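As a plain string of letters, each chain reads:
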Amino acid sequence: MIKLEDVCYVRLGTPDLEGAEFFANDYLGLEVEDRTKGAIYFKSDERLHTLCYFEGDPSDQAVAFVVASDTELDQAAASLERLQHRVHIGTPEEASLRKVKSFIAFDDPTGNRIELVVRPETSGRRYHGTRDAGITGFSHVGLCTTDPARDEAFWTEVCNARVSDRIGDAPLLRIDEVHHTIALFASNKAGIQHINHQVATADDVQRSFNFLRERNVPIVFGPGRHVTSTAKFLYFEGPNGMVFEYSSGVSEIADELLYRERQFPADPTGFCGWGAKPDIKEFRS
Ligand SMILES: [Fe+2]
């Protein structure tokens, strides 16, 4: 079993690096940590970076998870190859571009590019966003799935994820005590479906709602409150149609033995307890 310790970063291709930097810096509230030729690295918490925009095709996306050691990385590569996944062993140059010691890359059964990394760099410097968005860190991703049951089995049987809840057939999966770190939403294509940053309070969610709306950033869901994780949330659209989420107050599952996964309806009431309706196609049944 591949033990995912944490989600680590996302990498997003963009034909307009300057536009992506403006959004990530001025609107989303991240901090530019580093630039290399054709790539910009953003910081959102104690980690050196949690988002990298690079010059490329917007469909070129990857999400990374930490594993504990090179030994576990080798074991992960072997078990993925046994399951017929083509595994790319990251070169030292590629690892250095990701600011990790070593990594492998493969596609999940839908075709989402996944990287497993060892020893991602932590920053010696505190994150401070250019605007006061209240961000406390990069927290989870939604992934598109062309077969929710198949991909749920991949993440829970090949990897160590557990189902916290389902909205319709969409599983919200945890890899530690946080309610979910990966969520799978049905789609006809591969790709990152949304990228979540936690913010400190519900006030931050509401403040960003007004801030982004005044600047004509498309708000696609919320403000609202998830009935699953109890987090207050706001979803909005960034460059190349990528959906970003702020949320605050995600629940934690402290006792694995007592917790039972729950089934919520695949309609707006399964997503939001305040009556907000999503303008996100993967959230509509
Ligand atoms: Fe989310």
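Residues numbered from 1 in each chain as written. Predicted model: local features only at pLDDT ≥ 70, side-chain atom pairs only at ≥ 80, totals over all residues.

Thoughts on unusual backbone geometry
For clarity, the cut-off: Helix and strand labels come from DSSP, where a helix needs a run of H or I of at least four residues and a strand needs a run of E of at least two; each type is numbered from the N terminus.
In this model, Gly222 is joined to Pro223 through a cis peptide bond whose omega is 5°. The residue Pro223 is located in strand S14 (residues 219–225) in this model. With a phi close to 60°, Lys99 is a non-glycine residue in the positive phi region. With respect to the helices and strands, the residue Lys99 is situated in the loop between helix H3 (92–98) and strand S7 (102–107).

Examining the domain arrangement of the chain
One widely used convention gives an interface's size as the accessible area the parts lose upon coming together. For clarity, the threshold we go by: Each domain's extent is set by a domain assignment, obtained either automatically or from a database. Two residues qualify as being in contact provided that their C-beta atoms, derived from the backbone, are within 7 Å of each other. Note on residue classes: Ala, Val, Leu, Ile, Met, Phe, Trp, Tyr, Cys and Pro are nonpolar, Asp, Glu, Lys and Arg are charged, and everything else, Gly too, is polar.
Here the chain is described as being made up of domain 1 (6–118) and domain 2 (135–283). Listed per partner, the contact involves 26 residues of domain 1 and 28 residues of domain 2. Residue contributions to the side of domain 1 that touches domain 2 peak at five residues, all from helix H1 (residues 17–28). Class assignment for the residues of the side of domain 1 that touches domain 2 results in 12 nonpolar, 11 polar and three charged.

Some remarks on the pairing of S7
Let me state the cut-off plainly: Strand pairing follows a simple DSSP-based rule, namely that at least 2 bridges must link the two strands.
Note: strand S6 (residues 88–89) against S7, two bridges, orientation antiparallel. The partner of His88 across the bridge, within S7, is Ala105. Inspection of the sheet shows S7 paired to strand S8 (residues 113–118) by six bridges, in the antiparallel sense. Across the sheet, Phe103 pairs through a bridge with Val117, a residue of S8. Hairpin remark: S7 followed by S8, antiparallel, with five residues in the connecting loop; positive phi at Gly111, about 115°.

A closer look at the sheet that holds strand S15 (residues 232–237)
Our working definition: An axis is simply a line fitted to the C-alpha atoms; with a helix, the fit covers only the stretch in contact. Between two such axes, the angle follows the N-to-C directions and lies from 0 to 180 degrees.
Strand order in the open sheet formed by nine strands is S14-S15-S16-S13-S9-S12-S11-S10-S17, with mixed pairing between adjacent strands. Every other strand in the sheet has two partners, leaving S14 and strand S17 (262–264) as the edge strands with one partner each. Neighbour to neighbour, the strand axes of the sheet diverge by 20° on average, direction disregarded. Where strand S10 (residues 162–167) meets strand S11 (residues 170–174), five bridges bridge the pair, whose relative direction is antiparallel. Pairing of Arg166 across the sheet is with Pro171, part of S11.

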